[in-house]
Amino acid sequence: MKNDLHEPGLALHVEDLTVSYQSRPVLWDIDFDIPPGVMAAIVGPNGAGKSTLIKSVLGLVKPTAGHITMFGRPYKVQRRKVGYVPQRSSVDWDFPTTALDVVTMGLYGQLGWIKRPGKSEHARARAALEQVGMADFATRQISQLSGGQQQRVFLARALVQDADLYFLDEPMAGVDATTERAIVKILHALRDAGKTVIVVHHDLHTVSTYFDWLVILNVRVIAQGPVSQTYTPENLRRAYGGQIALLDRDNFLNATPSAS
């Protein structure tokens, strides 16, 4: 049964979403809901449409059909309540700017493009860098940072917005174990503060450790709900097929799917 499109109790409501590239469906008739105050993972095999799903929800990709609301209202109305961390590979890291400037850009939605950031905005940006352990790199050019450091800077850019709903596209991809633990700790703190965190994730081994809500995707939604109910061998086999080697039926998996 589908929910009311204007259900304010849901952090994210997606209904009948279809996205096509050159007449080829990438996402087909997607329906799912994510309640507030959870840390949710979107998982699926390579080509499942995970990144496309996030981009269509945020208006970066135009869907063929569908309805999307955040806290009961369209994204264009709720924009200031939403933070986004894109895939690191999609960013031009050679652009000549500092870590502090990148984080300050996260405030432009509140400032507008005419008003220039002042002392207050720079203080907020520095506080966000401190939060992700990057305060000492505020004046460093982003091209001079490691991959993990760059990812932390972009996380700080989202944090400075003080959003209610965060989308992160593969934030743990290509970072070392120390950076991954730091990112997860920050995201858990956001969830514990009542924020909603939605992460495109690639490592099935860590799903039950990191997340409490799950959407399993492969062009269509295979399953959704609390991790304890959704993260099952049957659901993962339906999504990944032969890419999954099940070790037992207690959700212990040996899998190496790629990210989409």
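Right above here is the structure, for reference.
Since we're looking at a predicted model, the values are computed, not measured.

**Student:** Quick question: what am I supposed to make of the side chain of His-13 here?
**Tutor:** Mapped onto the fold, His-13 is located in strand S1 (residues 12-21). A distance of 2.9 Å separates polar atoms of two side chains, one belonging to His-13 and the other to Glu-15. Within the structure, the side chain of His-13 is placed 2.5 Å from the side chain of Asp-33, a separation counted as a polar contact.

**Student:** Help me understand the sheet that holds strand S2 (residues 24-34), please; the structure alone is not making it clear to me.
**Tutor:** The strands that make up a sheet pair up through hydrogen bonds in the backbone, lying either parallel or antiparallel. Strand order in the open sheet formed by three strands is S2-S1-S4, with antiparallel pairing between adjacent strands. Sheet topology places S2 and strand S4 (65-69) at the edges, where each strand pairs with a single neighbour. Sheet twist, expressed as the average angle between the axes of neighbouring strands with direction ignored, equals 20°. Looking at chain direction, S1 and S4 are connected through four bridges and run antiparallel. Its bridge partner lying in S4, Val-14 is registered against Ile-68.

**Student:** Sorry if this is basic, but what is going on with unusual backbone geometry here?
**Tutor:** Trans peptide bonds make up the majority, and among non-glycine residues the majority have a negative phi. Even without a glycine there, the phi angle at Asp-16 is positive, about 60°. Relative to the assigned elements, Asp-16 resides in strand S1. Located in the positive-phi region is Asp-29, a residue other than glycine, with phi close to 50°. On the secondary structure map, Asp-29 appears in strand S2. On the basis of relative accessibility, which here comes to 35%, the residue Asp-29 falls in the partly exposed class.

**Student:** Explain the packing of aromatic side chains to me, please; I cannot follow it from the model alone.
**Tutor:** Aromatic ring pairs are reported here in terms of the distance separating the ring centres and the angle at which the planes meet. Under the defined criterion, the tally for this structure stands at one aromatic pair. Judged by centre distance (6.2 Å) and plane angle (65°), the rings of Tyr-210 and Phe-211 are edge-to-face. Judged by its relative accessible area of 13%, Tyr-210 is buried. A residue is classified by how much of its surface remains accessible, and Phe-211, at 5% relative accessible area, is buried.

**Student:** When you look at the pairing of strand S7 (residues 196-200) in this model, what are you seeing that I'm missing?
**Tutor:** Side-chain direction in a regular strand flips from residue to residue, so the side chains alternate between the two faces of the sheet. Burial of S7 is extensive: five of the five residues sit out of reach of the surface. Because side chains alternate across S7, one face comprises the buried residues Thr-196, Ile-198 and Val-200, and the other comprises Val-197 and Val-199, equally buried. When strand S3 (residues 39-43) meets S7, the two strands line up parallel, connected through four bridges. Paired with Ala-41 across the bridge in S7 is Val-199. Looking at chain direction, strand S6 (residues 165-169) and S7 are connected through five bridges and run parallel.

**Student:** Even after reading the chapter, I still don't get helix H7 (residues 177-192), so can you show me in this structure?
**Tutor:** Helical geometry note: an α-helix holds 3.6 residues per turn, so side chains three or four residues apart project in the same direction. Look at H7: 22 Å from first C-alpha to last across 16 residues, which is about the 22 Å you get at 1.5 Å a residue. Those residues of H7 not exposed but buried are Thr-179, Glu-180, Ile-183, Val-184, Ile-186, Leu-187, His-188, Leu-190 and Arg-191. Among the structural elements, S3, helix H5 (119-131), helix H6 (147-159), S6, S7 and helix H8 (207-210) are those in contact with the buried residues of H7. The N-cap of H7, judged by a side-chain oxygen 3.3 Å from the amide nitrogen of Thr-178 a few residues on, is Asp-176. A positive backbone phi angle near 95° is found at Gly-194, which sits one or two residues after H7.

The rules we used
- Residues numbered from 1 in each chain as written.
- Predicted model: local features only at pLDDT ≥ 70, side-chain atom pairs only at ≥ 80, totals over all residues.
- Heavy atoms only, no water.
- Helix = DSSP H or I, 4+ residues; strand = E, 2+ residues; numbered from the N terminus.
- Polar contact = N/O pair within 3.5 Å; in protein donor to acceptor, adjacent residues only side chain to side chain.
- Pairing = 2+ DSSP bridges.
- Axes fitted to C-alpha atoms, helices over the stretch in contact; angles between N-to-C directions.
- Buried < 20%, exposed > 50% of the residue type's maximum accessible area, 1.4 Å probe, protein only.
- Phe/Tyr/Trp six-rings, centres within 6.5 Å; stacked < 30°, edge-to-face > 60°.
- Expected span 1.5 Å × (residues − 1).
- Contact = heavy atoms within 4.5 Å.

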